[in-house]
Structures are given as structure tokens and as C-alpha cells.
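Per-entry structural report
What follows is the residue order along each chain.
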Amino acid sequence: MTTTRREVLGALAFPALGPLARLDARRGLSLLDEFEAPSGSPQQVARDEDFWNAIATAFAIDRSRINFNNGGCSPSPAFVLDAQRRHLEEANHAPAYVMWRRQQKRKEAVRQALARVAGCDAEELAFVRNASEGLQTCQFGIDLEPGDEVLSTDQDYPRMRNTFAQRVAREGIVYRQFKIPVPCDDPQQIVRAYEANLSERTRLILVSHVINLTGAILPVRNIVALGRARGIPVIVDGAHSFANVDFTLRDLDCDYFATSLHKWLFAPIGTGMLHVRKDKIGDLWPLMAGNPGQEHDIRKFEEIGTHPIAQMLAVGEALAFHERLGGSRKFARLVRLRDLWIDRLGAHDRVHVHTSTVPGQACGIATVSIDGVETGALAAHLERAHQILVTTIKHEDFEGIRVSPSVYTTLGELDRFCEAMEAVVRDGLPS
Ligand SMILES: Cc1ncc(COP(=O)(O)O)c(C=O)c1O
């Protein structure tokens, strides 16, 4: 007897917590296979609530709180976590033998799967622990002389800006940061801002594909081209773009790209990837020294001493889930969720959205503020009174709460968030 889509949904009684516990984590992908493949454009599938309700059941999360900080770090589907656990248990039988003789080889298959999704050669892709490690490999690994300038906006991620600040203090380089508009509807304005801030001494550019403060998508391909035309390397911070925005590395045509996989790929915590174009590997210093003969081998960036391989192997399950979802459908769904709450809250005069809703200019992450309501106090109120988790964003030029729902977010949860925000618009924060 074949199970219909409705019967499976009924059996899971989404989104009640009890039945979720019945979901066999190892069946995660096969469960999804029992559903009719959704048809239609990504925008049509983005509205197919049955499909997304089914997707949501892959995550064994606690629905007694509403997690709208998936940008910080995402939960993994249950079967991804389960795979990680299995690999870890396997390693524990004889760690040195299992990790280095068996799991290390299997990691190569995951590298190939990841490269296929990322759109690059597997020999250009290193496993790292997070975006920070991958980006710092590039930020520290490119030689600079005292007086050489590096360039970024003042909206790049603080740790990445601190990395350049350390090179300023230690090596006497110059770090120039400039402003970009918020929100920004016109990518050309951004490209012009980068161009205007280049100088004779610019030797390196850092650009965020997605700005973590607002969810803005920057025109990375154009900025890479701008740098390349002048012989300036461009490091792309893809922490929030990979497996979120629908693109491949070929589209960006970049030489250096790093991302975390524990954000939007839903891979285990502590996984990331570094992409370095083949002919650039030799000249990029690793953070920890590689072995002799590894100078042109992407694996030199993985010589970090003893570390678990289990979570990297479980990236394979996360990739399978991502491909089952489809990158374009996932992006369309996340943008739809954003538009639903922005359309509703944006109707209030005192509500300000700091994220563009022009198609293609931002992802499903967005930042919002209410006139006269302090941002930190608003975030604290949402958590205390409603168990809604958001991120407090404070920048010199704007502030607000950052809202980053995910594919497992229900429309009911969005409603509860909107109701809580509307109550604050109407009555202010409780004293
Ligand atoms: C734009 C950006 N870059 C880099 C990072 C660092 O990511 P991780 O802490 O996973 O290394 C983050 C984290 O949120 C980010 O938003």
C-alpha cells in the first residue's frame, strides 16, 4: 500500500511536537521521497504549504520557541544529526585507524558532492570549520607590505574586519572601510561605491555576498571583475549566501570564497568550506603549515591537527537534503516568508524595514525597527514574552531586529511574530 502525501502529513500531525518524535531520523530523505515531487516554478512551489510542512518535519526542533535566528546557526535535519552521530561512534571504536584510514577517504566523496553543488572543481575546495576560518585563511594568507591598503565596507562581518585590524596593528597595512546605502535597490550604486574607494595602494578587497546586518545581496560578480581588471584579489564572504541565494561559484567567477555550512546548508555545527581557484592555491599561505609537497594542493588548508571528521561526512546528508529541496525553491520560499511578514508589518507607519524587497537585492533575512522602540529592549521583549528569538542589529547608520526564519518555519509562527510586533506598535513595550 502506498502512503499518500496527505496520509503522511496527517500521521505526523504537523506541527504538534509528539508525533515529530515518531519521525525516524534515518528515514528523513526517504520520507520526502514519498511525496509527489512539487511541480511549477520556484515561486509556485514557495506557496505549496503541504510541501513545506513536510519539509519541516525533517527537523526535530523545539516548537515551544520560535527561532528566527537561523542566520546565526541553523539546526540540522534529524537525519543529518543522526549521520554525524553514527560517524562519530564509528570513529570512537579505533579513532586513529577509523578517522585517518577510512573516514579520511570517504571525505573525498563528500568533497566531490559539495563541489558539484557549489559549482567548482573538487580540487579547489577545502573543508574548514566555519566561514571565519576560511576567510581568515585568505585574509592572513595573502602577503601585504606596510602601507598596502585593504578595502571593505563598514557592514562586513565584525570578525573579518577585526582580522584586517590585526594586520594593521601587526604589519602596518592600511584598512579603508566605506559606507553603502541601506536599504539598497540598485546594485550599480554598490559597484560605484567600491570603485570610488579604490586607490593606487589598494591590494586586497573583501566583499560580503550577503550582508549579515540586513540580508542585502551585493553584486559580487561585478566587484570581482572590478578587482581583477586592476590585479586586486577579491575575497568573497559567502557565510550567508551559500545554499541560501541560488547561485554557483561559476556565476561569481571568484578566486577566493568561504562559507559556513552550518547556516543555510543545514550541515552539522562546525562545518565550512573554502574555495580557492586552482592557480591561486600555491600563493595562498595556510593558517597552519601544510606538509612538504602540498603547496599546490587544496588539502594544505585542512592540516589543522586532530579533529573529528564525522561532521564533514554528514555534510553529505545535508547536501542530499538541499538538492531534494532545490536551491531555487528554497530561496523562493525564504523570500516568500520574508515578504509575508514585511507586507504585514510594513503597512504600519512607525515600522521601518532596512532591507530591500526589490527582487534579487536581498535574501530571506531582513531587519526591521519600530520608531521610538529601543532595539535591544524589543528583542528582549520578544524573547521574554513570546519566546521568539531574533538578532539585535546595531550599526552606526541604522538598527533593528534581524529576522531570519527558515524552511521549517510555519505560517502560524510568522503570524505570532507579526501579532507580537503589532502589539508593540500599538501599546509600546510593557514597563
Ligand atoms: C557575513 C558573515 N561572515 C562571516 C561570519 C562568520 O561565520 P562563522 O561564525 O560561522 O565562522 C558570519 C557569521 O554570522 C557572517 O554573518
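A short tour of the structure in this document, coming up. (Residues numbered from 1 in each chain as written. Predicted model: local features only at pLDDT ≥ 70, side-chain atom pairs only at ≥ 80, totals over all residues. Heavy atoms only, no water.)

Some remarks on the environment of S132
- Here S132 is to be found in helix α8 (residues 131–141).
- Classification of S132 as buried rests on a relative accessible area of 14%.
- When the C-alpha atoms of S132 and A258 are compared, they prove to be 8.0 Å apart, with 126 residues separating the residues in sequence.
- If near-sequence neighbours (up to four positions away) are discounted, S132 is found in contact with R159 and M160.
- Of the polar contacts made by the side chain of S132, one reaches the side chain of R159; its length is 2.6 Å. (Helix = DSSP H or I, 4+ residues; strand = E, 2+ residues; numbered from the N terminus. Buried < 20%, exposed > 50% of the residue type's maximum accessible area, 1.4 Å probe, protein only. Contact = heavy atoms within 4.5 Å. Polar contact = N/O pair within 3.5 Å; in protein donor to acceptor, adjacent residues only side chain to side chain.)

Some details on the layout of surface pockets
- Looking at the largest pocket, its volume works out to about 350 Å³.
- Residue lining of the largest pocket: 18 residues in total, with Q43, A332, V335, R336 and D339 positioned closest to the centre.
- Sorting the residues of the lining of the largest pocket by element identifies α4 (42–45) and α16 (327–345) as the ones contributing at least two each.
- Within the lining of the largest pocket, the residues separate by chemical class into eight nonpolar, four polar and six charged. (1 Å grid on protein atoms, 1.4 Å probe; cavity = no way out; pocket = protein on both sides within 12 Å on 5 of 7 lines; lining within 4 Å. Points joined across faces, edges and corners; volume = space filled by probe spheres on them. Nonpolar A, V, L, I, M, F, W, Y, C, P; charged D, E, K, R; others polar.)

Some words on unusual backbone geometry
- A cis amide bond, omega -15°, links V182 with the succeeding residue P183.
- Topologically, P183 is positioned in the loop between β4 (174–178) and α10 (187–196).
- The residue A243 is not glycine, and still its phi comes out positive at about 65°.
- Given the relative accessible area of 8%, A243 is considered buried.
- Non-glycine residue D253 carries a positive phi angle of around 60°.
- Its location among the elements puts D253 in the loop between α12 (249–252) and β7 (256–260).

As for the sheet that holds strand β9 (residues 351–353)
- Judged by pairing direction, the sheet is antiparallel, and its four strands sit side by side in the order β9-β10-β13-β12 without closing on themselves. Of all the strands in the sheet, the pair left with one neighbour each is β9 and β12 (391–395). On average, each strand axis in the sheet is tilted by 35° relative to the strand beside it, whichever way the strands run.
- Relative to strand β10 (residues 366–370), α16 is tilted by about 20°, and along the sheet it contacts β9, β10 and β13 (398–403). (Pairing = 2+ DSSP bridges. Axes fitted to C-alpha atoms, helices over the stretch in contact; angles between N-to-C directions.)

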